[in-house]
Amino acid sequence: MRIDILTIFPSFLQPLQLSLMGRAAESGLVDVHVHDLRQWTHDRHRTVDDTPYGGGPGMVMGPEPWGEALDEIATMSGDRPHLVIPTPSGRSFAQPIARQFSTRPWLVFACGRYEGIDARVATYFANDPRWDGVGQWSIGDYVLAGGEVAAMAMIEAAVRLVPGVLGNAESFQDDSFADGPMSDLLEGPVFTKPVEWRGLSVPDVLLTGHHAHIRAWRLRQAQERTAENRPDLRPMPDLPEVN
Ligand code: 6GU
């Protein structure tokens, strides 16, 4: 999978070289390219923004550098890229979208700053046959200063689902929001050694080796945590009591 990121702050994306993302790049499972949008400006001040038509506060990123940059990036590989525009006014990014992203051969993230990118950029590339569609996505109901952190969140969520990126020890089968028997539930609490710490004990059931009991206990914990923290998520029907 190839990932290109277009930004006026390339160094903001340096965390992508660390940890899981760094290992995925080193092992050739993902190929990450960060580009400075100002490379595609032509004036002395490398201007990327201007005042909004119709008035109002803030600045809008002009379409010309984005158009030239995306035209050139689209020639950098044989596949057709999918354009992702992180924006707080986009659709809600969630695990099903991460799963779709993880199957795409080529994602290009256009990270805007200020009040956003001139809307014609999304319109133009949605209708450009060299591109495989455009999506505008938000990572939550709050406003970040730019798309970079949101892009990194979406990239990490997608890349960890690419086959081979996670080791067995970090398997994603049990994740909150994964498919399967625990889907639509938050993960419950987890414990490791020591069995007793500052007067707090690991729940006895986890020490019994009784896997049916442990499974039932974990499901109950997940249901309680979901009801408490995320009452908006659909609760699962109750399992019968296990004694
Ligand atoms: Cl994708 N961008 C920005 N700037 N703020 C956000 C966001 C994205 N998602 C939530 N807030």
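A brief report on the enclosed structure follows. Given the structure is predicted, the values throughout are model-derived calculations rather than measurements.

1. Side note on unusual backbone geometry
Note the cis peptide between Lys193 and Pro194, where omega equals 5°. By secondary structure assignment, the location of Pro194 is in the loop between helix H5 (148–159) and strand S8 (196–197). Despite not being glycine, Ser19 has its phi angle at roughly 55°, a positive value. You can see Ser19 is positioned in helix H1 (residues 19–26). The backbone phi angle of Arg46 is positive, close to 50°, even though this residue is not glycine.

2. What to know about the nonpolar core
Counting residues in hydrophobic clusters, the biggest one holds 29 residues, and the most contacted among them are Ile5, Phe93, Phe101, Phe109, Met154, Ile155 and Val159. Broken down by secondary-structure element, the contributors of at least two residues to this core are strand S1 (2–7), H1, helix H3 (95–102), strand S6 (106–110) and H5. A total of 8 residues in this core trace back to one element, the largest contributor, which is H5. Those residues in contact with Val159, other than ones at most four positions away along the chain, are Met1, Ile3, Leu20, Met21, Ala24, Val30 and Val165. In terms of nonpolar packing, the next biggest core, distinct from the first, is built from 21 residues, Val48, Leu70, Ala74 and Ile85 among them.

3. What about a nonpolar patch on the surface?
A surface patch of nonpolar side chains, amounting to about 420 Å² of accessible area, comprises Phe9, Phe12, Tyr142, Leu144 and Val149. Examined against the element boundaries, Phe12 turns out to sit in the loop between S1 and H1. What makes Phe12 partly exposed here is its relative accessible area of 35%.

4. Quick notes on the site of the ligand
If you check the shell around the ligand, you find Pro86, Thr87, Pro88, Trp137, Ser138, Ile139, Gly140, Tyr142, Leu144, Gly146 and Ala150 and nothing else. One nitrogen or oxygen atom from the main chain of Leu144 is found 3.0 Å from a nitrogen atom belonging to the ligand. Contact with the protein chains covers 96% of the free accessible surface of the ligand, which is 290 Å². Broken down by element, the residue count for the shell around the ligand peaks at 3 residues, all from strand S5 (residues 82–92). Residue composition of the shell around the ligand, by class: 7 nonpolar, 4 polar and no charged.

5. Quick look at the packing of aromatic side chains
To describe a pair of aromatic rings, one takes the distance between the centres and the angle between the planes. Applying the stated criterion across every chain, the model contains 5 aromatic pairs. Ring geometry for Phe101 versus Phe109: centroids 6.3 Å apart, planes at 80°, classification edge-to-face. Each member of the pair, Phe101 as well as Phe109, carries the same accessibility label: buried. Ring geometry for Phe125 against Trp131: centres 5.5 Å apart, planes inclined by 70°, an arrangement best described as edge-to-face.

6. Thoughts on the pairing of S6
In the case of a regular strand, side chains alternate between the two sheet surfaces. Summarising burial for S6: 5 of the 5 residues are buried, a large majority. The alternating pattern of S6 places Trp106, Val108 and Ala110 and Leu107 and Phe109 on opposite faces, both of which are buried. Bridge count for S1 against S6 is 5 bridges, and the pairing is parallel. Bridge pairing links Asp4 to Val108 in S6.

7. What to know about the side chain of His82
Here His82 shows up in strand S5. Overall, the relative accessible area of 7% leaves His82 in the buried class. Not counting the four nearest positions on each side in its chain, His82 is found in contact with Phe101, Arg104, Trp106, Leu107, Val108, Trp131, Asp132, Gly133, Val134 and Gly135.

Reading guide: rules and limits
Residues numbered from 1 in each chain as written. Predicted model: local features only at pLDDT ≥ 70, side-chain atom pairs only at ≥ 80, totals over all residues. Heavy atoms only, no water. Helix = DSSP H or I, 4+ residues; strand = E, 2+ residues; numbered from the N terminus. Core = buried A, V, L, I, M, F, W, Y, C linked by side-chain atoms within 4.5 Å. Buried < 20%, exposed > 50% of the residue type's maximum accessible area, 1.4 Å probe, protein only. Contact = heavy atoms within 4.5 Å. Patch = residues over 30% accessible without salt bridge, like charges linked within 9 Å, V, L, I, M, F, W, Y side chains within 5 Å. Areas by Shrake-Rupley, 256 points an atom, 1.4 Å probe, with all protein chains shown as cover. Salt bridge = Lys/Arg side-chain N within 4 Å of Asp/Glu carboxyl O. Near = heavy atom within 4 Å. Polar contact = N/O pair within 3.5 Å; in protein donor to acceptor, adjacent residues only side chain to side chain. Nonpolar A, V, L, I, M, F, W, Y, C, P; charged D, E, K, R; others polar. Phe/Tyr/Trp six-rings, centres within 6.5 Å; stacked < 30°, edge-to-face > 60°. Pairing = 2+ DSSP bridges.

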